[in-house]
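What follows is the residue order along each chain.
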Amino acid sequence: MSIFTAEIIGTALMILLGNGVVATCVLKGTKCGDGGHWLIITTAWAFAVFVGVTVAGPVSGAHLNPVVTLGLALAGKLEWNLVPMYVAGELLGAMLGAFVVWLVYKDHFALTSDEGAKAACFCTAPAIRNYSSNFLSEMVGAFVLIFVILHITGASISLGEQSSAQIGLGSIGALPVAILVWVIGLSLGSTTGYAINPVRDFGPRLVLSMLPLKVKSDWAYAWVPVLGPIVGGGLAALIYNFLL
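So, how was this worked out
- Residues numbered from 1 in each chain as written.
- Predicted model: local features only at pLDDT ≥ 70, side-chain atom pairs only at ≥ 80, totals over all residues.
- Heavy atoms only, no water.
- Helix = DSSP H or I, 4+ residues; strand = E, 2+ residues; numbered from the N terminus.
- Buried < 20%, exposed > 50% of the residue type's maximum accessible area, 1.4 Å probe, protein only.
- Contact = heavy atoms within 4.5 Å.
- pLDDT = per-residue confidence, 0-100.
- Core = buried A, V, L, I, M, F, W, Y, C linked by side-chain atoms within 4.5 Å.
- Axes fitted to C-alpha atoms, helices over the stretch in contact; angles between N-to-C directions.
- Parallel < 35°, antiparallel > 145°, perpendicular 65-115°, else oblique.
- Left-handed = near helix turned anticlockwise from the far one by under 90°.
- Nonpolar A, V, L, I, M, F, W, Y, C, P; charged D, E, K, R; others polar.
- Expected span 1.5 Å × (residues − 1).
- Polar contact = N/O pair within 3.5 Å; in protein donor to acceptor, adjacent residues only side chain to side chain.
- Bend = angle between axes of the 7 residues up to and from the residue.

Chemist: What should I look at first to understand the overall build of the protein in this one?
Modeler: On a plain count of helices and strands, the protein comes out with 10 helices and zero strands. Listing every helix and strand of the protein by position from the N terminus yields α-α-α-α-α-α-α-α-α-α. A buried classification covers 50% of the 244 residues belonging to the protein. In the protein, once contacts between residues fewer than 6 apart in sequence are set aside, the share between residues at least 24 apart is 77%.

And the structure:
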């Protein structure tokens, strides 16, 4: 399995399980009942990350997030020529995972009249729409994610004779990163839904715009969960380098 394929599969599993629990909590007619449950959602998203990292980690390091890829590259722990391949795999995986969520919950989408609930199964939205505050929330969440990852992974790229790679998150396993995502969600995520990952939001939002759900994709907000995490992750990498 190549790095590109590993990132597709790992990201797809993360989005499938992460957005799948949102669908379970907010769509009509599920066994979970109606209404969102933040603790359930944040916990399940943490385990979704755990699953994705477990599968992709041994091959690609399981970035699953362009901000992780960018942060490692800025910190000198990933070769820049690998960045486009990582990001492409992450975006395709996010789109694939979102599409499968729609397939699995198709009947429940049909039962649900709340457009906001249906959109939440794909992409994030702010609790209070204030673009500057929303941007700050995403930036800070991503900063914490990358700053901590850079301190706990000892991330590096090593291409051996068999062209096998262990990059970034694969060096520590899945659990510490899952716990990190969990605490970010519980502590900082309730303002915007904590995308902290550009493709986690953009990929499913793009899929939503192509599905026959007649739900607005809210492209006016879409820049926040893309640029906010990029700025936060980049800043974390720069400060990490400065402290070294």
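Chemist: So what exactly am I meant to see when it comes to the confidence of the model for the protein here?
Modeler: In low-pLDDT regions, the fine details of the predicted coordinates are not to be read closely. For the protein, mean pLDDT is 88; residues scoring 70 or higher make up 90% of the total. Confidence over residues 154-160 falls short of pLDDT 50; this stretch has 20 contacts with residues more than four positions distant or in other chains.

Chemist: Quick question: what am I supposed to make of the environment of Val-226 here?
Modeler: Inspection of the secondary structure puts Val-226 in helix α10 (residues 224-243). Other than its neighbours up to four places away in sequence, Val-226 contacts Pro-198 and Phe-202.

Chemist: Would you mind going over the nonpolar core with me for this structure?
Modeler: The tendency in soluble globular proteins is for nonpolar side chains to be buried side by side. By size, the foremost hydrophobic cluster in this structure holds 60 residues, and its most contacted members are Trp-45, Phe-109, Phe-122, Leu-145 and Leu-213. Mapped by element, the contributors of at least two residues to this core are α1 (3-26), α2 (38-60), α3 (66-74), α4 (83-104), α7 (131-152), α8 (175-188), α9 (198-210) and α10. Residues contacting Leu-213, with those up to four places away along its chain left out, are Trp-102, Phe-109, Lys-118, Phe-122 and Leu-208.

Chemist: Would you mind going over the packing of α3 against α7 with me for this structure?
Modeler: The description of two packed helices rests on the angle between their axes and on the distance between the axes. Where α3 contacts α7, the two axes come as close as 10 Å, and the packing angle between them is 50°. It follows that α3 is oblique to α7 by the angle criterion. Remark: the crossing between α3 and α7 carries right-handed chirality. Side by side, α3 and α7 meet where Val-67, Val-68, Gly-71 and Leu-72 of the first sit next to Ala-142, Leu-145, Ile-146, Ile-149 and Leu-150 of the second. Of the residues that constitute the contact of α3 with α7, the class distribution is eight nonpolar, one polar and no charged.

Chemist: Got a minute to help me understand the packing of α3 against α4 in this structure?
Modeler: Taken N-terminus to C-terminus, the directions of α3 and α4 make an angle of 165°; their axes are 9 Å apart at the nearest point. On the basis of their axis angle, the class for α3 and α4 is roughly antiparallel. Note that α3 runs across α4; the crossing there is right-handed. Contacts between α3 and α4 involve Pro-66, Thr-69 and Ala-73 on the former and, on the latter, Val-83, Tyr-86, Val-87 and Glu-90. Taken together, the residues of the contact of α3 with α4 break down into five nonpolar, one polar and one charged.

Chemist: So what exactly am I meant to see when it comes to α4 here?
Modeler: Since one α-helical turn is 3.6 residues long, residues separated by three or four positions face the same way. When the terminal C-alpha atoms of α4 are compared, their 32 Å separation across 22 residues agrees well with the 32 Å that a helix rising 1.5 Å per residue should span. The inward-facing, buried residues of α4 abut α1, α2, α3, α5 (106-111) and α9.

Chemist: Help me out: how do you make sense of the environment of Glu-90 in this one?
Modeler: Inspection of the secondary structure puts Glu-90 in helix α4. Measuring from C-alpha to C-alpha, the distance between Glu-90 and Ala-12 comes to 8.0 Å, with 78 residues separating the pair along the chain. Excluding anything up to four places from it in sequence, Glu-90 contacts Glu-7, Thr-11, His-63, Leu-64, Asn-65, Pro-66, Thr-69 and Val-199. Polar side-chain contacts of Glu-90 include one of 2.9 Å to the side chain of Thr-69.

Chemist: I'm lost on α2 in this one. Help?
Modeler: Under the 1.5 Å per step criterion, the end-to-end length of α2 is 31 Å for 23 residues, consistent within 8% with the ideal 33 Å. A maximum bend of about 35° is found in α2 at Thr-54, where proline Pro-58 lies one to four positions downstream. At the C-terminal side of α2, Gly-61 shows a positive phi close to 85°.

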